[in-house]
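Residue-level structure breakdown
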Amino acid sequence: MHIAVAGNIGSGKTTLTKMLASHYGWTPRYEPVDFNPYLSDFYEDMERWSFNLQIYFLNRRFRDVVEITGSTDVTVQDRTIYEDAIFAGNLHDMGLMSSRDFDNYSDLFELMMSLVKKPDLLVYLRSSIPTLISQIQKRGRDYEKSIRIDYLSGLNDKYEEWISGFKGNVLTVDVDRIKFGDRPEDFDKVSDMIDAQLYGLFK
């Protein structure tokens, strides 16, 4: 079984992935952020490194999906391959990725998507910009200090557009209201909702 956690930068994907893996005994699959050779350069010069960054992420996420599909474990994944196109599209809209590079990226993405199976459950973390900024500042990653507000805002808009048209089993969590990382009772709410979606159990 494949459970995926989706959401903008700072929405709490990694935190929730860790908590779900611990709670259910699922195998976690984390986003390869700390090992990305392009990330620091990207935040310093987004236009120069946008294509390189997105191809790196797309490659890693496709590899992850292939491995998850071939595994017998119940896997909970921190960020999906679908979201990669959200980031690429946002960079293109902002003029930070050329149309030539974006078309090249999009052709590769569509080919990969024709081979990808949807997760059994997609947990979407919806968050406002102030909450995202607060959580990004709290975790204190040096390379995220220069993230632009318009970049985050554009991503949020694209996330909402994407999730509204996603054809699959979706559970939306309002991160502004449900503080699962800080309040045990809020995590209980999330796990109860997941139980209901996956197993039809209403506690």
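Cut-offs and rules
Residues numbered from 1 in each chain as written. Predicted model: local features only at pLDDT ≥ 70, side-chain atom pairs only at ≥ 80, totals over all residues. Heavy atoms only, no water. Helix = DSSP H or I, 4+ residues; strand = E, 2+ residues; numbered from the N terminus. Contact = heavy atoms within 4.5 Å. Polar contact = N/O pair within 3.5 Å; in protein donor to acceptor, adjacent residues only side chain to side chain. Phe/Tyr/Trp six-rings, centres within 6.5 Å; stacked < 30°, edge-to-face > 60°. Buried < 20%, exposed > 50% of the residue type's maximum accessible area, 1.4 Å probe, protein only. Lys NZ or Arg CZ within 6 Å of the ring centre and 35° of its normal. Patch = residues over 30% accessible without salt bridge, like charges linked within 9 Å, V, L, I, M, F, W, Y side chains within 5 Å. Areas by Shrake-Rupley, 256 points an atom, 1.4 Å probe, with all protein chains shown as cover. Salt bridge = Lys/Arg side-chain N within 4 Å of Asp/Glu carboxyl O. Lys, Arg positive; Asp, Glu negative; His and termini not counted. Charge placed at Lys NZ, Arg CZ, Asp CG, Glu CD. Pairing = 2+ DSSP bridges. Axes fitted to C-alpha atoms, helices over the stretch in contact; angles between N-to-C directions.

Overview of the environment of N36
Note on placement: N36 falls in the loop between strand 2 (27–29) and helix 2 (39–44). Remark: the alpha-carbon pair of N36 and Y56, spanning 20 residues in sequence, is separated by 7.8 Å. Excluding anything up to four places from it in sequence, N36 contacts L53, Y56 and F57. A distance of 2.8 Å separates the side chain of N36 from the backbone nitrogen of Y38, its partner in a polar contact.

Quick look at the packing of aromatic side chains
For the structure shown, the criterion picks out 14 aromatic pairs. An angle of 65° between the planes, with centres 6.3 Å apart, marks the rings of Y56 and F57 as edge-to-face. On the basis of relative accessibility, which here comes to 7%, the residue F57 falls in the buried class. Taking NZ or CZ as reference, R48 lies 3.9 Å from the ring centre of W49, over its face. Between the NZ or CZ atom of R61 and the centre of the ring of F57, over which it lies, the distance is 4.3 Å.

Focus: a negative patch on the surface
A surface patch of like charges, here negative, comprises D41, E44, D45 and E47. Looking at where D41 falls in the secondary structure, it is placed in helix 2. Residue class for D41 comes out partly exposed when judged on its relative accessible area of 34%.

A short note on the sheet that holds strand 4 (residues 121–126)
Read across the sheet, five strands follow the order 2-3-1-4-5 without closing on themselves; strand pairing throughout is parallel. Taken across any chain shown, the strands that pair with only one partner, and hence form the sheet edges, are strand 2 and strand 5 (170–174). Sheet twist, expressed as the average angle between the axes of neighbouring strands with direction ignored, equals 20°. The sheet contact formed by strand 2 and strand 3 (residues 75–78) spans three bridges and is parallel. For R29, the partnering residue across the bridge sits in strand 3 and is Q77.

Here's the deal with the pattern of salt bridges
In the structure shown here, the tally under the stated rule is ten salt bridges. Among the ionic pairs, R126 bridges to E160, the shortest N-O distance being 2.9 Å. You can see R126 sitting in strand 4 and its partner E160 sitting in helix 7 (residues 149–165), a full 34 residues away along the chain. A salt bridge links D186 to K189, with the nearest nitrogen and oxygen atoms 3.6 Å apart. Here D186 pairs with K189, and both are found in helix 8 (residues 184–199), just three residues apart, close to one helical turn. Ionic contacts of the salt-bridge type, sharing partners, join the residues R29, D64 and E67 into one network.

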